[in-house]
Amino acid sequence: QVQLAESGGGLVQAGGSLRLSCTASGNIPTNYNIVDTMGWYRQAPGKQRELVAVISSAANSTYADSVMGRFTISRDNARNTVWLQMNILKPEDTAVYYCIADRYDTRYPRYWGQGTQVTVSS
């Protein structure tokens, strides 16, 4: 089993920055990377959960159009850790942010963190 531990959420004014981090731990084979893809989803009140950004162990990344140019995802493969640097935050970025991990599936990832709240005030 794999556990995802998130940190870094909080309250920030519009235009500000936050950095989220997530570390995967547990039974992760070294010869079969079950967390090859890591990233972030978010869910705002009354809205569907949406993909924010994901990154593979080869550093291939994908971003939602709404965060392109403002958010940057990065990872440390040796520590199974992923970060999301969020700049120029907007009130519409307010949501619970969930760390995800899977071997390859970004649409229905197998592993989810408990979520961390990000609130952007106007």
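Residues numbered from 1 in each chain as written. Predicted model: local features only at pLDDT ≥ 70, side-chain atom pairs only at ≥ 80, totals over all residues. Heavy atoms only, no water.

Draft legend 1. Main features of the overall build of the protein chain. Assigned secondary structure in the protein chain consists of zero helices and 11 strands. Going from N to C terminus, the protein chain has its helices and strands arranged as β-β-β-β-β-β-β-β-β-β-β. By the compact-globule yardstick of 14 Å for 122 residues, the protein chain fits well, its C-alpha radius of gyration being 14 Å. Referenced to the eigenvectors of the C-alpha coordinate spread, the extents of the protein chain come out at roughly 45 × 25 × 20 Å. In the protein chain, buried positions account for 44% of the 122 residues. Across the protein chain, every contact between residues at least 6 apart in sequence was considered, and the portion connecting residues at least 24 apart equals 55%. Summed over all atoms, the accessible surface of the protein chain reaches about 6,500 Å², with 46% contributed by carbon and sulfur. (Helix = DSSP H or I, 4+ residues; strand = E, 2+ residues; numbered from the N terminus. Rg over C-alpha atoms; globule rule 2.2 N^0.38 Å. Buried < 20%, exposed > 50% of the residue type's maximum accessible area, 1.4 Å probe, protein only. Contact = heavy atoms within 4.5 Å. Areas by Shrake-Rupley, 256 points an atom, 1.4 Å probe, with all protein chains shown as cover.)

Draft legend 2. Representation of the side chain of Ser56 within the structure. Take Ser56: it is sitting in strand S5 (residues 50-56). We classify Ser56 as buried; its relative accessible area is 12%. With residues near it in sequence (within four places) discarded, Ser56 still touches Asp36, Thr37 and Arg75.

Draft legend 3. Highlighting the packing of aromatic side chains. The final tally for this structure, using the stated rule, is two aromatic pairs. A centroid spacing of 6.2 Å and a plane angle of 75° characterise the contact between Tyr98 and Trp112, whose relative ring orientation is edge-to-face. With Tyr98 in strand S9 (residues 95-102) and Trp112 in strand S10 (residues 111-112), the pair connects residues that are 14 residues apart, well separated along the chain. We note Arg49 situated over the ring of Tyr98; from NZ or CZ to the ring centre the distance is 4.3 Å. Geometry around Trp112 places Arg49 over its ring, the cationic atom sitting 4.7 Å from the centre. (Phe/Tyr/Trp six-rings, centres within 6.5 Å; stacked < 30°, edge-to-face > 60°. Lys NZ or Arg CZ within 6 Å of the ring centre and 35° of its normal.)

Draft legend 4. Summary view of unusual backbone geometry. Despite not being glycine, Asn80 has its phi angle at roughly 50°, a positive value. Residue placement: Asn80 occurs in the loop between strand S7 (71-76) and strand S8 (81-86). For Asn80, a relative accessible area of 16% corresponds to the buried category. Phi is positive for Ile88, which is not a glycine, with a value near 50°. Assignment of secondary structure puts Ile88 in the loop between S8 and S9.

Draft legend 5. Here's a closer look at the pairing of strand S3 (residues 18-26). Direction of pairing for strand S1 (residues 2-7) relative to S3: antiparallel, over a ladder of six bridges. Of the residues in S3, the one forming a bridge with Val2 is Gly26. Of the strand pairs in this sheet, S3 and S8 are connected by six bridges, and their pairing is antiparallel. Across the sheet, Arg19 pairs through a bridge with Gln85, a residue of S8. (Pairing = 2+ DSSP bridges.)

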